[in-house]
Amino acid sequence: MIFIFSLMFWVVVDSHKIQNQIYDRFPEDFFFGVGTSAYQIEGAWNLSGKGESIWDRATHTTPYITDRSTGDVACDSYHNYREDIRIVKQLKVHCYRFSISWTRIFPNGTVNNVNQDGIDYYNNLIDGLRAVGVEPMITLFHWDTPQVLQELGGWASETMIVWYLEYVERVFELFGDRVQVWTTFNEPANFCQFGYTQVSAPFLNSSGIGSYLCAHNIIRAHAGAYDLYQKKFKSRQKGIIGISLDSFWNEPADPNSEEDKKAAQFSLEFYFGWFAWPIFKTGDYPDAVKLQIARRSREQGFPRSRLPVFTRQEQMKIRRSFDYLGLNHYATFLTKPDNQTASMFPTRQNDRNLIESVDPSWKPTSRSGFTVRPESLRKLLLWIGQYLGSHVKIAITESGYNGADTETLDDPERIDYLNGYVQAVLDAMNQGANVKAFTWWSLMDNFEWGDGYTKKFGFYHVDFNDPRRRRTAKKSAKVYQNIIVTRKVDPTFNPSYFKH
Ligand code: BGC
């Protein structure tokens, strides 16, 4: 109840920092959450009427998952959702961010064929969360495209926009009376860039063409979903709707080099700005990105740019199609220009033409290239405030520490990361960043895409050898609970474990 009030406060009143106000702790209208996504936790991939997604297909047929594992069972949240609600409640978070598996409710992707068991599952989860005072925050698409629709072109096809809008309309109708916060897409830049390389499903090989078509259609689908919600649901359901974009932080490799400074800025625009600039600013891609792709396309002999063009009408609809920006942040890179010539086979890497590295003195995590740099989150938040304007409310929808599969319940590295990154958010707010929420990734260890089960992001350990997939809190879970309750970071807090 208290949370619903504060959420409305966030929506209605812009409680953006009063000039020169210094917070010694997070304000009352700031909310903390924890997140997961459907394919990574649900399991039951073909039970109770669920249809196949591109991740089901990829894990069953491609060799790209490090440990050759699948999400067939994962954390088995489909059967263990009551246990998920119990641990979410134990953390004392205000909201739980999870995604809907499109093919669990519409097995073929199209809305003519409805799976009631799937609807029951999400109803139970939503109602169960609300019963313990936790607000559901729903991501409508977290990478698991229906396989049937992929075979008809997936996100490279503009027909996907129509199928997506039909799907989200039904989801708003089904659950919107009890859901206040919606996210249209999770990390579309990641999905579109890496899904057209051999990193992520659908594992296609077309980052120089397919990635741009995918992004173009996702941006139009996002704007369509925003518009649909405003016209048909907002007045009754009164929720808010945004998109979660991921961004690294880029530093110039040489802080004194103008070229490297430009390269770092271009890297942010090329990846984050690809989606953020159209949606949060102009309705169109950033000029620097348009120019670079047009130039490369010309050099490669294309009669026009490989970057598609929005119509004037589309631009009007895309521009400002948000209530908030969801931001996912994990890593920092040193950046400088590369001197690649135009490749015959177009790729995003060749378009971008940059070299990235990490400083060997930075503290590593178990994923190569991902380091612990809390000040990067502070800098990124301030940069976004300038780039998009400080009126844009930011909810950090993901940040988290990836541990090795040897980690134990005693996880000082995760605690360090957590304290550092949460403090960085408060520091950024004290310098003017308009941040309203922090949602940790992840509630529990789960299927980590191409890394299978070899990387651990959870506050809760999951025993993947136990048929019941028992969840056990790590020490960091208690630290997060303390941050939420006290609304501040206490680096000296050294808890015992939760009692189980
Ligand atoms: C994704 C999550 C993923 C996390 C850690 C993000 O890119 O949204 O699904 O598990 O990073 O790699």
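See the structure printed just above.
The structure displayed is predicted, hence computed values, not measured ones.

Trainee: Got a sec to walk through the state of the cysteines? Specific residues and values, please.
Mentor: Cysteine pairs can be covalently joined through their sulfur atoms, and such a bond is termed a disulfide. Under the counting rule described, the total for this entry stands at one disulfide. Between the sulfur atoms of C192 and its disulfide mate C214 the distance is 2.1 Å. One quick way to see it: the torsion about the S-S bond of C192 and C214 is about -70 degrees, and its sign makes the bridge left-handed. Within this pair, whereas C192 is found in helix 9 (residues 188–194), its partner C214 is found in helix 10 (residues 210–237), the two being separated by 22 residues in sequence. The two residues C192 and C214 agree in class, both being buried. With no disulfide of its own, C75 lies closest to C95 among cysteine sulfurs, the gap being 19 Å. Residue C75 is classed as buried on the basis of its relative accessible area, which comes to 0%. C95 sits in the buried class, given a relative accessible area of 1%.

Trainee: Give me the site of the ligand: which residues, what numbers.
Mentor: Near the ligand there are 13 residues, and of these Q40, E187, E398, E448 and W449 occur at the shortest range. Measuring from an oxygen atom of the ligand, one finds a side-chain N or O atom of N186 at 2.9 Å. Taking 310 Å² as the accessible area of the ligand by itself, protein coverage stands at 95%. More than half of the atoms of the ligand fall within 2 Å of the grid points belonging to the largest pocket. The residue makeup of the shell around the ligand, split by class, is five nonpolar, four polar and four charged.

Trainee: Pulling in residues and values, what's your account of the layout of surface pockets?
Mentor: The calculated volume of the largest pocket comes to roughly 1,000 Å³. As for the largest pocket, its lining consists of 45 residues, and the residues nearest its centre are N190, F194, F248, R367 and F370. Every element with two or more residues in the lining of the largest pocket is listed here: helix 9, helix 11 (258–282), helix 14 (348–352) and strand 9 (354–357). A total of five residues in the lining of the largest pocket trace back to one element, the largest contributor, which is helix 11. Its residues assigned to classes, the lining of the largest pocket comprises 16 nonpolar, 19 polar and ten charged.

Trainee: Which residues make up the sheet that holds strand 14 (residues 435–441), and what are the values?
Mentor: Within a sheet, neighbouring strands are paired by backbone hydrogen bonds and run either parallel or antiparallel to one another. Read around the closed barrel, eight strands run 1-2-3-4-5-7-12-14, paired in parallel fashion. Sheet twist, expressed as the mean angle between neighbouring strand axes with direction ignored, is 25 degrees. Looking at chain direction, strand 7 (residues 324–328) and strand 12 (residues 394–398) are connected through four bridges and run parallel. Bridging across to strand 12, N328 finds its partner in E398. Together, strand 4 (181–186) and strand 5 (240–246) form the strand contacts of helix 8 (residues 159–175), whose direction differs from that of strand 4 by roughly 155 degrees.

Trainee: Residues and numbers for helix 10, please.
Mentor: The largest bend along helix 10 reaches roughly 50 degrees and is located at Q230. Burial of helix 10 is extensive: 20 of the 28 residues sit out of reach of the surface. K238 sits one or two positions beyond helix 10 and adopts a positive phi of about 60 degrees.

Trainee: Could you give an account of the sheet that holds strand 8 (residues 332–337), with specific residues and numbers?
Mentor: Taken together, the three strands give an open sheet; going across it, the order is 6-8-9, and neighbouring strands pair in mixed fashion. Two strands lie at the open edges of the sheet, namely strand 6 (249–252) and strand 9, each paired on one side alone. In this sheet, adjacent strand axes meet at a mean angle of 40 degrees when their direction is disregarded. Strand direction decides the pairing type here: strand 8 and strand 9, joined by four bridges, are antiparallel. Bridging from a neighbouring strand, T335 pairs with E356 of strand 9.

Rules and cut-offs
Residues numbered from 1 in each chain as written. Predicted model: local features only at pLDDT ≥ 70, side-chain atom pairs only at ≥ 80, totals over all residues. Heavy atoms only, no water. Disulfide = S-S within 2.5 Å. Helix = DSSP H or I, 4+ residues; strand = E, 2+ residues; numbered from the N terminus. Buried < 20%, exposed > 50% of the residue type's maximum accessible area, 1.4 Å probe, protein only. Near = heavy atom within 4 Å. Polar contact = N/O pair within 3.5 Å; in protein donor to acceptor, adjacent residues only side chain to side chain. Areas by Shrake-Rupley, 256 points an atom, 1.4 Å probe, with all protein chains shown as cover. 1 Å grid on protein atoms, 1.4 Å probe; cavity = no way out; pocket = protein on both sides within 12 Å on 5 of 7 lines; lining within 4 Å. Sits in = over half its atoms within 2 Å of the grid points. Nonpolar A, V, L, I, M, F, W, Y, C, P; charged D, E, K, R; others polar. Points joined across faces, edges and corners; volume = space filled by probe spheres on them. Pairing = 2+ DSSP bridges. Axes fitted to C-alpha atoms, helices over the stretch in contact; angles between N-to-C directions. Contact = heavy atoms within 4.5 Å. Bend = angle between axes of the 7 residues up to and from the residue.

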